[in-house]
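Coordinate analysis (summary)
Take a look at the letters that make up each chain.
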Amino acid sequence: MSSASTIPYRPSQSVRVVYEPDGTPLYCGRDVADVLGYKAPIKAVQRAEGVTLYRRRVNWRSPKDCRRFSAEVLCLDRQGCEKLAEFRKEGSRDAARWVTTEMIQKAELERPQTQKPPVQQDTVMAAPPADEHWPPVDVRGFEAKLDAIIAQCVMMKTQIGSLYGAQYAGQLSERTV
């Protein structure tokens, strides 16, 4: 599950940010379009040309009553936010400037610390263990154990047949075949 945070724009508006496991911020497309003043923010995000959309499922906390819920959102990367701000039809220049500068900078600063994977060096394949380390296996012992197990199964089948009748023992043989 990705981590998430919000970046406030105005008291009634904010942009939700989803951080990928590698720390890359993705911005909730609806929130960005809403800040930019689009009348139909979801349609604006879906119809934006040249924008890569990411569908992410994230746990959010409601700002009104602090309830937690999970939602699937369409997210934009940095280039998508810049294109959406560039092609806005409505809204103010201040909102576009805030999206392209302040919002992206704040998201970068609030990026969760990720542990960098250790650098993998070229490993030389270990040689298979020499036969001298592994004792030879006596296969005849295994054959004797298997024969004993099979003999027990046959004896159990005959006992079941004598207790419950030959008809039940016949059903057992049909199932096992």
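The structure this text deals with has already been given above.
Residues numbered from 1 in each chain as written. Predicted model: local features only at pLDDT ≥ 70, side-chain atom pairs only at ≥ 80, totals over all residues. Heavy atoms only, no water.

1. Things to note about the overall build of the chain
This is how it is decided: Numbering of helices and strands runs from the N terminus, with a helix taken as a DSSP run of H or I at least four residues long and a strand as a DSSP run of E at least two residues long. Burial classes: relative accessible area under 20% of the type maximum marks a residue as buried, over 50% as exposed, and values in between as partly exposed (1.4 Å probe, protein chains only). When checking whether two residues touch, look at their non-hydrogen atoms; a contact exists if any pair is within 4.5 Å. Surface accessibility follows the Shrake-Rupley procedure with a 1.4 Å probe radius. Residue values consider only the protein chains on display as shielding.
Along its length, the chain carries six helices and five strands. In sequence order, the chain lays out its α and β elements as β-β-β-α-α-β-β-α-α-α-α. The buried share among the 177 residues of the chain stands at 27%. Taking as baseline every contact in the chain between residues at least 6 positions apart, the subset at least 24 positions apart corresponds to 52%. Accessible surface, the chain: about 13,700 Å² in total, of which carbon and sulfur atoms supply 53%.

2. What to know about helix α4 (residues 93-109)
Note the cut-off: Here the expected length of a helix is defined as 1.5 Å per residue gap, with one fewer gap than residues. Values of bend correspond, residue by residue, to the angle between axes fitted over the seven residues ending at that residue and the seven starting there.
Counted at 1.5 Å a residue, the expected span for α4 with its 17 residues is 24 Å, and the 24 Å between its end C-alpha atoms agrees. Taking the largest bend as the criterion, α4 deviates by roughly 40 degrees, centred on Val 99. The set of residues buried in α4 consists of Ala 95, Ala 96, Trp 98, Val 99, Met 103, Ile 104 and Ala 107. On its buried face, α4 sits against β1 (3-10), β2 (13-19), β3 (25-28), α1 (29-35) and α3 (78-86).

3. A few points about the side chain of Asp 77
Formally: Here Asp and Glu are counted as negative and Lys and Arg as positive; His is not counted, and neither are the chain ends. Think of a salt bridge as a Lys or Arg side-chain nitrogen and an Asp or Glu carboxyl oxygen that are within 4 Å of each other.
Of note, Asp 77 is situated in the loop between β5 (68-76) and α3. Within the buried core, Asp 77 has no salt-bridge partner, and the shortest N-O distance to an opposite charge, that of Lys 83, equals 8.3 Å.

4. Looking at the nonpolar core
Worth spelling out the cut-off: Put simply, a nonpolar core is a bunch of buried Ala, Val, Leu, Ile, Met, Phe, Trp, Tyr and Cys residues held in one set by side-chain atoms that sit within 4.5 Å of each other.
Formed by 25 residues in total, the largest nonpolar core has its most connected members in Tyr 27, Val 32, Leu 36, Leu 84, Trp 98, Val 99 and Met 103. Every element with two or more residues in this core is listed here: β1, β2, α1, α2 (41-47), α3 and α4. The contact partners of Leu 84, leaving out residues within four places of it in the chain, are Gly 29, Val 32, Ala 33, Leu 36, Tyr 38, Ala 44, Val 45, Ala 48 and Leu 76. In terms of nonpolar packing, the next biggest core, distinct from the first, is built from eight residues, Val 18, Cys 28, Val 58 and Ala 71 among them.

5. Overview of the pairing of β1
Operational definition: Strands are labelled as partners when DSSP assigns at least two bridges between them.
Looking at chain direction, β1 and β2 are connected through seven bridges and run antiparallel. Of the residues in β2, the one forming a bridge with Arg 10 is Gln 13. As consecutive antiparallel partners, β1 and β2 are separated by two residues.

6. Looking at the environment of Phe 69
Counting through the fold element by element, Phe 69 comes out in strand β5. Spatially, the C-alpha atoms of Phe 69 and Asn 59 are 5.7 Å apart, while their sequence positions differ by 10 residues.

7. Quick word on the packing of α3 against α4
As a reminder, the rule being used: Axis definition: a line fitted to C-alpha atoms, limited for helices to the stretch in contact. Angles are taken between N-to-C directions and run from 0 to 180 degrees. The labels follow the angle: roughly parallel below 35 degrees, roughly antiparallel above 145, roughly perpendicular from 65 to 115, and oblique for the rest. Crossing handedness is read from the near helix: turned anticlockwise from the far helix by less than a right angle, it gives a left-handed crossing, and turned clockwise, a right-handed one. The nonpolar class holds Ala, Val, Leu, Ile, Met, Phe, Trp, Tyr, Cys and Pro. Asp, Glu, Lys and Arg form the charged class, and all remaining residues, Gly among them, are polar.
Across the interface, α3 lies against α4 with an axial gap of 8 Å and an inter-helix angle of 160 degrees. The orientation of α3 with respect to α4, classified from their angle, is roughly antiparallel. The hand of the α3/α4 crossing is left-handed. Of the residues in α4, those touching α3 at Arg 78, Cys 81, Glu 82 and Ala 85 are Ala 96, Val 99, Thr 100, Met 103 and Ile 104. Each residue belonging to the contact of α3 with α4 can be placed in one class, and the counts come to six nonpolar, one polar and two charged.

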